[in-house]
Amino acid sequence: QVLAPTLLITFFLYVLFPWMSFNNIHLLMFNFEFHRFEFLFMAFEASTHQLIYIVITLFIGLLLGLNFTISRFFCGYFCPSSLATFITSQLKNPFILFFAILFFAFILAFSTISYFTSAIDLFLNFMKFDMASIFVGILTTLFTSIFLVFRGWYCSILCPYFFISAILPQEEKQTFEFFDKNSCIDCDKCVKVCPIDELDIKAGFDIRCVQCGLCESACESVMLKFNKTSLITKKFKDRNIFRSFSKNGYILGVFILVIIILTIVYLLNGAFLDNCYFT
């Protein structure tokens, strides 16, 4: 399974990027304190309004671009919720599980806030309970609640990525299917491990499937005891994270990337936004 290593690598990169800086200029930061947009160790002067619009542009652009290119593979291979699901499936002790998810949520929250303020300063001043520290606490509570309580509800109802994926005109979204029903022992491990509540892969197609492959791994762990392979496998063998679900997905992805770049350049040069600072 590529799932766990990919999730760990992407999460590690997400945590690492805010710490990467050269001459106090970061790899990527929306620096509201010093009114600048930092990218690839270059700094561009930007007002508060410009930074807000840049964040919105990147959010919408990535939302569309990733959906047109890797589609639901993002959910299973990049989304932190899937990593939390993997952690949950590995830990059985409820106390250890709670503190593991709490620590994971804290690291995720700390890293997220670090894209808006210096990670080093945030670390050094964390116990001073400044505004950034308070936001870390709020996000930690929110992430912990989602991962432990509202996980399936969030993924299938509130997640903006899922919403966009559901309405885009893409075919063949389902990549896993259940076969050989006669060999199934009805252990329901595939259902219990699924990050989406009440999604049963044995019942057939369900557009809520996030392509994580946890059901395949769970079934395989059971079937190995009977010298059999998993009863759940990929429906389309040629589908993977490098093959788009959309016919012209990569063309659309490049187009959206160009739009994002041009929009950010326009925002940074927008004279109508100059000197719009919050104090």
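Scroll up for the structure.
Attention in this report is confined to the structure presented alongside it.

Criteria and thresholds
Residues numbered from 1 in each chain as written. Predicted model: local features only at pLDDT ≥ 70, side-chain atom pairs only at ≥ 80, totals over all residues. Heavy atoms only, no water. Pairing = 2+ DSSP bridges. Helix = DSSP H or I, 4+ residues; strand = E, 2+ residues; numbered from the N terminus. Buried < 20%, exposed > 50% of the residue type's maximum accessible area, 1.4 Å probe, protein only. Patch = residues over 30% accessible without salt bridge, like charges linked within 9 Å, V, L, I, M, F, W, Y side chains within 5 Å. Areas by Shrake-Rupley, 256 points an atom, 1.4 Å probe, with all protein chains shown as cover. Salt bridge = Lys/Arg side-chain N within 4 Å of Asp/Glu carboxyl O. Axes fitted to C-alpha atoms, helices over the stretch in contact; angles between N-to-C directions. Contact = heavy atoms within 4.5 Å. 1 Å grid on protein atoms, 1.4 Å probe; cavity = no way out; pocket = protein on both sides within 12 Å on 5 of 7 lines; lining within 4 Å. Points joined across faces, edges and corners; volume = space filled by probe spheres on them. Nonpolar A, V, L, I, M, F, W, Y, C, P; charged D, E, K, R; others polar. Core = buried A, V, L, I, M, F, W, Y, C linked by side-chain atoms within 4.5 Å.

**Structural notes on the pairing of strand S4 (residues 36–39)**
Next up, step 1: For strand S3 (residues 28–31) and S4, the ladder comprises four bridges, and the chain directions are antiparallel. Following the sheet pairing, Phe 30 is matched in S4 by Phe 37.
Next up, step 2: Adjacent in sequence and paired antiparallel, S3 and S4 are bridged by four residues, among which His 35 carries a positive phi angle near 55°.
Next up, step 3: As defined by bridge partners, S4 adjoins strand S5 (residues 42–45) across four bridges and the pair is classed as antiparallel. The residue bridging Glu 38 from the neighbouring strand is Ala 43, located in S5.
Next up, step 4: Counting the residues between successive antiparallel strands, the hairpin from S4 to S5 contains two residues, one of them, Leu 40, with a positive phi of roughly 55°.

**Observations regarding unusual backbone geometry**
Next up, step 1: For Asn 24, which is not a glycine, the phi torsion comes out positive at approximately 65°.
Next up, step 2: Along the chain, Asn 24 falls in the loop between strand S1 (21–22) and strand S2 (25–26).
Next up, step 3: Even without a glycine there, the phi angle at Asn 227 is positive, about 60°.
Next up, step 4: Checked against the element boundaries, Asn 227 lands in the loop between helix H11 (214–223) and strand S7 (232–234).
Next up, step 5: Classification of Asn 227 as exposed rests on a relative accessible area of 75%.

**Section: a nonpolar patch on the surface**
Next up, step 1: Taken together, the side chains of Phe 95, Phe 98, Phe 99, Leu 148, Val 149, Phe 150, Trp 153, Ile 157 and Leu 158 make up a nonpolar region of the molecular surface, amounting to roughly 940 Å² of accessible area.
Next up, step 2: Counting only elements with at least two residues in the nonpolar patch, the list comes to helix H5 (94–113) and helix H8 (151–158).
Next up, step 3: The residue Ile 157 is located in helix H8 in this model.

**Points about the sheet that holds S4**
Next up, step 1: Taken in spatial order, the three strands line up as S3-S4-S5 in an open sheet, and their pairing is antiparallel. Edge strands, defined here as strands with exactly one partner in the open sheet, are S3 and S5. Averaged over all pairs of adjacent strands, the angle between their axes in this sheet comes to 15°, without regard to strand direction.
Next up, step 2: Along the sheet, helix H2 (residues 48–69) contacts S3, S4 and S5; its crossing angle with S3, the most-contacted strand, is approximately 140°.

**Observations concerning the layout of surface pockets**
To find the voids left in a structure, one rolls a probe of water-molecule size over its atoms.
Next up, step 1: Computed from the structure, the second largest pocket encloses a volume of approximately 400 Å³.
Next up, step 2: Along the walls of the second largest pocket sit 14 residues, with Ser 89, Gln 90, Lys 92, Val 193 and Ala 218 positioned nearest its centre.
Next up, step 3: Among the elements that line the lining of the second largest pocket, the one with the most residues is helix H4 (residues 80–90), at five residues.
Next up, step 4: Taken together, the residues of the lining of the second largest pocket sort by class into four nonpolar, six polar and four charged.

**Considerations on empty space enclosed by the protein**
Next up, step 1: All chains considered together, the criterion is met by three cavities of 30 Å³ or more.
Next up, step 2: As for the largest cavity, its lining consists of 13 residues, of which Cys 194, Leu 199, Cys 209, Cys 212 and Cys 215 are closest to the centre.
Next up, step 3: Here the residues of the lining of the largest cavity sort into eleven nonpolar, two polar and no charged.
Next up, step 4: Considering only enclosed or pocket space, the second largest cavity measures out at about 80 Å³ in volume.
Next up, step 5: Every residue along the wall of the second largest cavity is listed here: Phe 178, Cys 184, Ile 185, Cys 187, Asp 188, Cys 190, Lys 202, Cys 219, Val 222, Met 223, Leu 231 and Ile 232.
Next up, step 6: A total of three residues in the lining of the second largest cavity trace back to one element, the largest contributor, which is H11.

**Observations regarding the nonpolar core**
Next up, step 1: Residues Phe 37, Ile 54 and Ile 264 are the most contacted members of the largest nonpolar core, which totals 31 residues.
Next up, step 2: Elements supplying a minimum of two residues to this core: H2, helix H3 (73–77), helix H9 (160–167), H11 and helix H12 (249–268).
Next up, step 3: The residues touching Phe 37, leaving out its near neighbours within four places in the chain, are Leu 28, Met 29, Phe 30, Met 42, Ala 43, Phe 44, Ala 46, Leu 51, Ile 54, Ile 264 and Leu 268.
Next up, step 4: Formed by 20 residues, the second largest nonpolar core is a distinct cluster that contains Ile 87, Leu 97, Ile 101 and Phe 104.

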